[in-house]
Amino acid sequence: MTTLSLNQDKTIVLSRGVTHVRKLAALRPRKVSTIAEVQKSLQEANEPSLWISFEGALTNELLRSVRWPSKSLGHALLLHRANLASMTALQRCFGRVAFSADGGFLADEELCEVLMSPRRGDLLIGGFADDASHTVTLWRGNLDSITVPYSAFPKSGDGTAPDFSQFAVTDCGQTVQFGDYEASTDSILYENDPDYRRTIKKNRIVADSSPGGAIRRLRLQRQLRRSDFSPLTEKTIARIERGESEKIQPKTLAILAEKLGVSPDELGTF
Amino acid sequence: MPAELLLSNKLRKARWKVKIREKERLEPPHVSIINGTNTWRLCLRSGDFLDEEPDPDEIPEELLKYIKIERLNDEQTVWEWLCERWDEMYPSNKVASAD
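Note that the structure is a prediction, hence the values are computed from the model and not measured. (Residues numbered from 1 in each chain as written. Chains lettered and ligands numbered in written order. Predicted model: local features only at pLDDT ≥ 70, side-chain atom pairs only at ≥ 80, totals over all residues. Heavy atoms only, no water.)

Focus: the confidence of the model for chain B
Okay, step 1: The share of residues in chain B with pLDDT of 70 or more is 98%, and the mean pLDDT across the chain is 95.
Okay, step 2: Interface predicted TM-score (ipTM) for the complex: 0.95; the corresponding pTM is 0.88. (pLDDT = per-residue confidence, 0-100.)

The following block contains the structure:
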């Protein structure tokens, strides 16, 4: 799992007001609200820090004040409307830059809780849905990102469908909302991050750790029936899942992987 | 819409939530008990917790009792309602199914 070392003494909040800083107090942030303070913070930035900006004007000032070529200043979390034209410059200054076009981040208190959590890489802080590419980009608490297609959010059996224009992250980063539709962060990371799968596998109390068990779990996750694996028969799939096939032939494995939408190497990680 | 239990004021104030979301890790059927940055997965087939962590002892007894024993109405218990909702949301992986 990717971890970000967030030194809590080195959180810098760019905000003219005090409300945000108060709500992020547990991070013990340094408040920066003027041009002079931005410049001073940059001069004193000897260690990578987490820069959280609530105001585009202060982010712009930061970029104007940087001495180019910039050393890495740490990571940036932009909670204001992002200026795409500044993105390349920001990426030159920061290892990771989390941003959104239209908000889409947790409220300050929950954001603070996630950033403080030792499990922050397994929780989300925000993201956005892009209707042009039909993808959803999600920011983890370590400011790493994950992008998944709209198709990863199938309609529920009761007919509830995601409304991608109503995006929100809730439950302290554990749920992604698309209107009435909710997806657990756990399921999104489980399907898209092999490192996350490896970690949670160890945490399961009872689990069939055989290749057949992994195939069964993935088949259910994809909401497929044993009859969906033609030319393989239902009986063959059942035998594989029960561990009754001594060795799965490469050709069979290739069919399974294709139907399940993963590479053959990945099958065992589920 | 997720299946979410309406909890007492006391539990809600303490930030407890119990729900089945439209997209979950599917195997096995379960209900998610959420508090802050933690989630406990409770198996709807066996009634057991599915993961070693977080520690199930952190969940208030009254909440577990409500989920497992209490009646929702004259016709069904809370547990039966959760199982029914899971089956509606995930018809390819029903609680009673061995598949």
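Overview of the interface of chain B and chain A
Okay, step 1: The interface of chain B with chain A comprises 32 residues on the first partner and 39 residues on the second.
Okay, step 2: For the pairing of chain B and chain A, the buried interface totals around 3100 Å² over both sides, and the portion due to carbon and sulfur atoms is 41%.
Okay, step 3: The interface formed by chain B and chain A contains eight salt bridges.
Okay, step 4: In this structure, Arg15 of chain B engages Glu113 of chain A in a salt bridge whose closest nitrogen and oxygen atoms are separated by 2.9 Å.
Okay, step 5: Remark: the boundary between chain B and chain A carries 27 residue pairs in polar contact (both at pLDDT 80 or more). (Contact = heavy atoms within 4.5 Å. Buried area = accessible area lost by both parts, 1.4 Å probe. Salt bridge = Lys/Arg side-chain N within 4 Å of Asp/Glu carboxyl O. Polar contact = N/O pair within 3.5 Å; in protein donor to acceptor, adjacent residues only side chain to side chain.)

Notes on the pairing of strand S1 (residues 11–14) of chain A
Residues and elements named next belong to chain A.
Okay, step 1: Neither face of S1 is left uncovered, since the one carrying Thr11 and Val13 and the one carrying Ile12 and Leu14 both have all their residues buried.
Okay, step 2: Pairing of S1 with strand S3 (residues 49–53) involves four bridges; the strand directions are parallel. Across the sheet, residue Thr11 finds its bridge partner in S3, namely Leu50.
Okay, step 3: Pairing between S1 and strand S2 (residues 30–32): three bridges, direction parallel. Directly across from Val13, in S2, lies its bridge partner Lys31. (Buried < 20%, exposed > 50% of the residue type's maximum accessible area, 1.4 Å probe, protein only. Helix = DSSP H or I, 4+ residues; strand = E, 2+ residues; numbered from the N terminus. Pairing = 2+ DSSP bridges.)

Focus on the pairing of strand S3 (residues 30–35) of chain B
Residue and element names in this part refer to chain B.
Okay, step 1: Counting buried residues along S3, six of its six residues qualify, which places the element largely inside the surrounding structure.
Okay, step 2: By the alternation rule, side chains of S3 split into His30, Ser32 and Ile34 and Val31, Ile33 and Asn35, which are all buried.
Okay, step 3: Note that S3 and strand S4 (residues 38–43) share six bridges and pair antiparallel. Across the sheet, the residue bridging to Asn35 is Asn38, located in S4.
Okay, step 4: In textbook terms, the turn of a hairpin is the stretch between consecutive antiparallel strands, and for S3 and S4 this stretch comprises two residues, one of which, Gly36, has a positive phi near 55°.

Quick look at the nonpolar core
Okay, step 1: In this structure, Ile52, Leu77 and Phe153 of chain A are the most contacted members of the largest nonpolar core, which totals 77 residues.
Okay, step 2: Apart from the residues within four sequence positions on either side, Phe153 of chain A is in contact with Val136, Val148, Pro162, Phe164, Phe178, Tyr181, Ala183 and Ile188 of chain A together with Lys23 of chain B.
Okay, step 3: Counting residues in each nonpolar core, the second largest holds 27 residues, with Trp16, Leu63, Val78 and Met89 of chain B among its members. (Core = buried A, V, L, I, M, F, W, Y, C linked by side-chain atoms within 4.5 Å.)

Observations regarding the environment of Ala45 of chain A
All names here are of chain A.
Okay, step 1: Following the sequence through the fold, Ala45 ends up in the loop between helix H2 (35–43) and S3.
Okay, step 2: With 115 residues separating them in the primary sequence, Ala45 and Thr160 have C-alpha atoms 48 Å apart.
Okay, step 3: Residues in contact with Ala45, not counting those within four places in the same chain, are Trp51, Lys71 and Leu73.

Considerations on a negative patch on the surface
Residue and element names in this part refer to chain B.
Okay, step 1: Together, Glu52, Glu53, Asp55, Asp57 and Glu58 make up a negatively charged patch on the protein surface.
Okay, step 2: Relative to the helices and strands, Asp57 is located in the loop between S4 and helix H2 (61–68).
Okay, step 3: When its relative accessible area of 70% is taken as the criterion, Asp57 is described as exposed. (Patch = residues over 30% accessible without salt bridge, like charges linked within 9 Å, V, L, I, M, F, W, Y side chains within 5 Å. Areas by Shrake-Rupley, 256 points an atom, 1.4 Å probe, with all protein chains shown as cover. Lys, Arg positive; Asp, Glu negative; His and termini not counted. Charge placed at Lys NZ, Arg CZ, Asp CG, Glu CD.)

Here we look at the sheet that holds strand S9 (residues 167–170) of chain A
All names here are of chain A.
Okay, step 1: Reading across the sheet, the three strands line up as S9-S10-S11 and stay open at both edges, with antiparallel pairing between neighbours. Each having just a single partner strand, S9 and strand S11 (181–184) make up the two edges of the open sheet. Neighbour to neighbour, the strand axes of the sheet diverge by 25° on average, direction disregarded.
Okay, step 2: The sheet contact formed by S9 and strand S10 (residues 175–178) spans four bridges and is antiparallel. Bridging across to S10, Ala168 finds its partner in Gln177.
Okay, step 3: Taken strand by strand, helix H6 (residues 185–192) contacts S10 and S11, and its axis lies near 55° from that of S11. (Axes fitted to C-alpha atoms, helices over the stretch in contact; angles between N-to-C directions.)

Notes on the packing of aromatic side chains
Residues and elements named next belong to chain A.
Okay, step 1: Applying the stated criterion to the full structure yields twelve aromatic pairs over all chains.
Okay, step 2: Here the aromatic rings of Tyr190 and Phe270 are separated by 5.4 Å at their centres, their planes lie at 90°, and the arrangement is edge-to-face. With Tyr190 in helix H6 and Phe270 in the segment after helix H10 (250–260), this residue pair connects regions lying 80 residues apart in the sequence. Side by side, Tyr190 and Phe270 carry an identical accessibility label, which is buried.
Okay, step 3: Each member of the aromatic cluster is reached from another via a ring pair, and the members are Tyr150, Phe153, Phe164, Phe167, Phe178 and Tyr181. (Phe/Tyr/Trp six-rings, centres within 6.5 Å; stacked < 30°, edge-to-face > 60°.)

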